[in-house]
Amino acid sequence: MTEEGGKSPGMKVMGIHDIQNTPCARESILHGAGGSLVAGLVHFLATSRVKRSFDVGVAGFMLTTLGSWFYCRYNNAKLRVQQRMIQDGIKNKVIYEGTNLDPTQKKSGDQ
Amino acid sequence: MAHPTQLGFQDAASPVMEELLHFHDHALMIVFLISTLVLYIIIAMVSTKLTNKYILDSQEIEIVWTILPAVILVLIALPSLRILYLMDEINDPHLTIKAMGHQWYWSYEYTDYEDLGFDSYMVPTQDLAPGQFRLLETDHRMVVPMESPIRILVSAEDVLHSWAVPSLGMKMDAVPGRLNQTAFIASRPGLFYGQCSEICGANHSFMPIVVEAVPLEHFENWSSLMLEDA
């Protein structure tokens, strides 16, 4: 991730897509590369067909990257929603502390 | 604000823009994968020695390249629609500001409590102080309290204009005789720059927008000062 006191330049694919600073991008690409290697190698070992193994490798890269990407982004989205709820909760607690609307006051029962 | 040679979006300053950035990353990753696949297919087609002039049909590949694009489109459409509806959610704004487009400046009216209005002209290049941004600075900024929902009513007094602030994820056309509404929450304090986004004459490029998000106390002090000066 980014360092303290300076931003890493990031690696841009096709000049636009910043892999290092985009959440889940780096992991997805790495998983995709691994999946591609495994799929292509296994196919080659099984069939000894070079060109078709390359095709299988590319298909493996696509599927593994997409699958890893969607899974990671879905979890990331859930985390962001939870983070926002926590932030709102902390802000509400600070604002409403000691008033009738204090959420912690309700939990402790009526006075 | 944008920096030289920038290709991507500016850093998000509102929750809606954060969501748009995430969606853009999602869509761009899919585009990147499809481009890689197409490039690979082109190279494979060009370099193959296999040719068959008598292929009539192939059910399997037809099914794959019908279903797969449909699935990909659905996976793009679902988050897109979610953000679309998120942008139109009914919220309870704490403040309403009217932004009126003129040739060639913006005017802002804060009329919720008192009658506060002012014009916002671009600072000419020869009058810029060191460190200020050319063609982006204005003499009066639109000051808003941070972390509060703000409603902006956009219209124009003469010709079409468009009120746009990219880091807030906002763009709304200013149409004479029509009142357009948009809303935002500035999640962090700072200066957010934008420019008129609808051709409106000779100085269309020289009527920028500057939104200054500050803590509520500072906003109250600023509005008191502006009312005293008026």
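These figures come from a predicted structure and were not determined experimentally. (Residues numbered from 1 in each chain as written. Chains lettered and ligands numbered in written order. Predicted model: local features only at pLDDT ≥ 70, side-chain atom pairs only at ≥ 80, totals over all residues. Heavy atoms only, no water.)

Quick look at the overall build of chain B
Turning to step 1, where the next piece is worked out: Of the regular secondary structure elements, chain B holds 3 helices and 10 strands.
Turning to step 2, where the next piece is worked out: Reading chain B from its N terminus to its C terminus gives the helix and strand order α-α-β-β-β-β-β-β-β-β-β-β-α.
Turning to step 3, where the next piece is worked out: A globule of 230 residues ought to have a C-alpha radius of gyration of about 17 Å, yet chain B, at 24 Å, is considerably larger.
Turning to step 4, where the next piece is worked out: Each principal axis of the C-alpha distribution contributes one length, and for chain B these read about 85 × 40 × 35 Å.
Turning to step 5, where the next piece is worked out: For chain B, the residues scored as buried account for 36% of the 230 residues in total.
Turning to step 6, where the next piece is worked out: Residue pairs at least 24 apart in sequence account for 63% of intrachain contacts in chain B once pairs closer than 6 positions are excluded.
Turning to step 7, where the next piece is worked out: Counting every atom, chain B has about 13,700 Å² of accessible surface; 61% of that belongs to carbon and sulfur.
Turning to step 8, where the next piece is worked out: Mean positive and mean negative side-chain charge positions of chain B (10 and 28 charges, respectively) differ by 13 Å. (Helix = DSSP H or I, 4+ residues; strand = E, 2+ residues; numbered from the N terminus. Rg over C-alpha atoms; globule rule 2.2 N^0.38 Å. Buried < 20%, exposed > 50% of the residue type's maximum accessible area, 1.4 Å probe, protein only. Contact = heavy atoms within 4.5 Å. Areas by Shrake-Rupley, 256 points an atom, 1.4 Å probe, with all protein chains shown as cover. Lys, Arg positive; Asp, Glu negative; His and termini not counted. Charge placed at Lys NZ, Arg CZ, Asp CG, Glu CD.)

Comments concerning the environment of B:F9
Turning to step 1, where the next piece is worked out: Mapped onto the elements, B:F9 comes out in the segment before α1 (15–47).
Turning to step 2, where the next piece is worked out: In this structure, the C-alpha to C-alpha distance between B:F9 and B:P69, residues 60 residues apart in sequence, is 27 Å.

A short note on the side chain of B:E19
Turning to step 1, where the next piece is worked out: Mapped onto the fold, B:E19 is located in helix α1.
Turning to step 2, where the next piece is worked out: A polar atom in the side chain of B:E19 sits 2.9 Å from the side chain of A:R80.
Turning to step 3, where the next piece is worked out: Ignoring anything within four residues of it in the chain, the contact list for B:E19 reads A:R80, A:R84, B:R82, B:I83 and B:L86. (Polar contact = N/O pair within 3.5 Å; in protein donor to acceptor, adjacent residues only side chain to side chain.)

Describing the UniProt feature "domain: Cytochrome oxidase subunit II copper A binding" (unreviewed entry) in chain B
Turning to step 1, where the next piece is worked out: Here, the residues flagged by UniProt with the feature "domain: Cytochrome oxidase subunit II copper A binding" (unreviewed entry) are residues 92–225 of chain B.
Turning to step 2, where the next piece is worked out: Counted over residues 92–225 of chain B, helix gives 7% and strand 45%. Its end C-alpha atoms are 27 Å apart. (UniProt positions renumbered as here; feature names shortened; annotations may be inferred.)

Remarks on a nonpolar patch on the surface
Residue and element names in this part refer to chain B.
Turning to step 1, where the next piece is worked out: Together, I34, V38, I41, I42, M45 and V46 make up an exposed nonpolar region whose accessible area comes to about 570 Å².
Turning to step 2, where the next piece is worked out: As for its placement among the helices and strands, I42 is situated in helix α1.
Turning to step 3, where the next piece is worked out: According to the relative accessible area criterion, I42 is partly exposed, its value standing at 48%. (Patch = residues over 30% accessible without salt bridge, like charges linked within 9 Å, V, L, I, M, F, W, Y side chains within 5 Å. Salt bridge = Lys/Arg side-chain N within 4 Å of Asp/Glu carboxyl O.)

A short note on the interface of chain A and chain B
Turning to step 1, where the next piece is worked out: On the side of chain B, 21 residues touch chain A, which itself brings 24 residues to the contact.
Turning to step 2, where the next piece is worked out: Taken together, the two surfaces of chain A and chain B that pack against each other cover about 2,100 Å², and 71% of this comes from carbon and sulfur.
Turning to step 3, where the next piece is worked out: The interface formed by chain A and chain B includes 2 salt bridges.
Turning to step 4, where the next piece is worked out: The residue B:E19 makes a salt bridge to A:R84 at a minimum N-O spacing of 3.0 Å.
Turning to step 5, where the next piece is worked out: Listing elements by their share of the side of chain A that touches chain B, those giving two or more residues are α1 (25–47) and α2 (50–96) of chain A.
Turning to step 6, where the next piece is worked out: Of all the elements, α2(A) adds the most residues to the side of chain A that touches chain B, at 15 residues. (Buried area = accessible area lost by both parts, 1.4 Å probe.)

What about the packing of α1(B) against helix α2 (residues 59–87) of chain B?
Residue and element names in this part refer to chain B.
Turning to step 1, where the next piece is worked out: Look at α1 against α2: their axes get within 10 Å of each other, and the N-to-C directions meet at 165°. The orientation of α1 relative to α2 falls into the category roughly antiparallel. The hand of the α1/α2 crossing is left-handed. From α1, V16, E19, L20, F23, H26, I30 and I34 reach across to α2, where they touch I72, L75, I76, P79, S80, R82, I83, L86 and M87. (Axes fitted to C-alpha atoms, helices over the stretch in contact; angles between N-to-C directions. Parallel < 35°, antiparallel > 145°, perpendicular 65-115°, else oblique. Left-handed = near helix turned anticlockwise from the far one by under 90°.)

Quick notes on the confidence of the model for chain A
All names here are of chain A.
Turning to step 1, where the next piece is worked out: Confidence along chain A averages 79 in pLDDT terms, with 75% of residues attaining 70 or more.
Turning to step 2, where the next piece is worked out: Within chain A, the element-level pLDDT minimum falls on strand β1 (residues 12–13), averaging 60, and the maximum on α1, averaging 93.
Turning to step 3, where the next piece is worked out: Predicted confidence for residues 1–7 stays below pLDDT 50, and this span has 4 contacts to residues more than four positions away or in other chains. (pLDDT = per-residue confidence, 0-100.)

Side note on the domain arrangement of chain B
All names here are of chain B.
Turning to step 1, where the next piece is worked out: Entries for chain B in the domain assignment read domain 1 (13–86) and domain 2 (93–227).
Turning to step 2, where the next piece is worked out: Put simply, the middle of domain 1 and the middle of domain 2, counted by C-alpha atoms, are 39 Å apart.
Turning to step 3, where the next piece is worked out: Counting residues at the interface gives 5 residues for domain 1 and 9 residues for domain 2.
Turning to step 4, where the next piece is worked out: Between domain 1 and domain 2, a total of about 530 Å² is buried, with carbon and sulfur atoms accounting for 54% of that surface.
Turning to step 5, where the next piece is worked out: Summed over the three residues of domain 1 that lose the most area to domain 2, namely A13, S14 and M17, the buried surface amounts to 76% of that side.
Turning to step 6, where the next piece is worked out: Remark: the boundary between domain 1 and domain 2 carries 3 residue pairs in polar contact (both at pLDDT 80 or more).
Turning to step 7, where the next piece is worked out: Of the residues that constitute the side of domain 1 that touches domain 2, the class distribution is 3 nonpolar, 1 polar and 1 charged. (Domains from an automatic or database assignment. Nonpolar A, V, L, I, M, F, W, Y, C, P; charged D, E, K, R; others polar.)

Focus: the layout of surface pockets
Turning to step 1, where the next piece is worked out: Roughly 1,300 Å³ of internal volume is contained in the second largest pocket.
Turning to step 2, where the next piece is worked out: Along the wall of the second largest pocket there are 28 residues; nearest its centre are A:D55, A:A59, B:L37, B:I41 and B:I61.
Turning to step 3, where the next piece is worked out: Elements with a minimum of two residues in the lining of the second largest pocket: α2 of chain A together with α1 and α2 of chain B.
Turning to step 4, where the next piece is worked out: Residue contributions to the lining of the second largest pocket peak at 10 residues, all from α2(A).
Turning to step 5, where the next piece is worked out: Class assignment of the residues belonging to the lining of the second largest pocket gives a composition of 22 nonpolar, 2 polar and 4 charged. (1 Å grid on protein atoms, 1.4 Å probe; cavity = no way out; pocket = protein on both sides within 12 Å on 5 of 7 lines; lining within 4 Å. Points joined across faces, edges and corners; volume = space filled by probe spheres on them.)

Concerning the pattern of salt bridges
Here the idea is simple: oppositely charged side chains can pair when their charged atoms come close.
Residues and elements named next belong to chain B.
Turning to step 1, where the next piece is worked out: Evaluated as defined, the whole model comprises 5 salt bridges over all chains.
Turning to step 2, where the next piece is worked out: Ionic pairing is found between E137 and R141, a salt bridge with its closest N-O pair at 4.0 Å.
Turning to step 3, where the next piece is worked out: On the basis of relative accessible area, E137 is assigned to the buried category, the value being 3%.
Turning to step 4, where the next piece is worked out: Since its relative accessible area comes to 26%, R141 is described here as partly exposed.

Comments concerning the nonpolar core
Turning to step 1, where the next piece is worked out: Ranked by internal contacts, the top residues of the largest apolar core, which has 34 residues, are B:Y108, B:Y110, B:M142, B:I152, B:W163, B:F184 and B:V211.
Turning to step 2, where the next piece is worked out: With near-sequence residues (within four places) excluded, B:F184 lies in contact with B:M142, B:V144, B:S148, B:P149, B:I150, B:I152, B:L168, B:M170 and B:V211.
Turning to step 3, where the next piece is worked out: Of all hydrophobic cores here, the second largest spans 13 residues; its members include A:C24, A:A25, A:V58 and B:M29. (Core = buried A, V, L, I, M, F, W, Y, C linked by side-chain atoms within 4.5 Å.)

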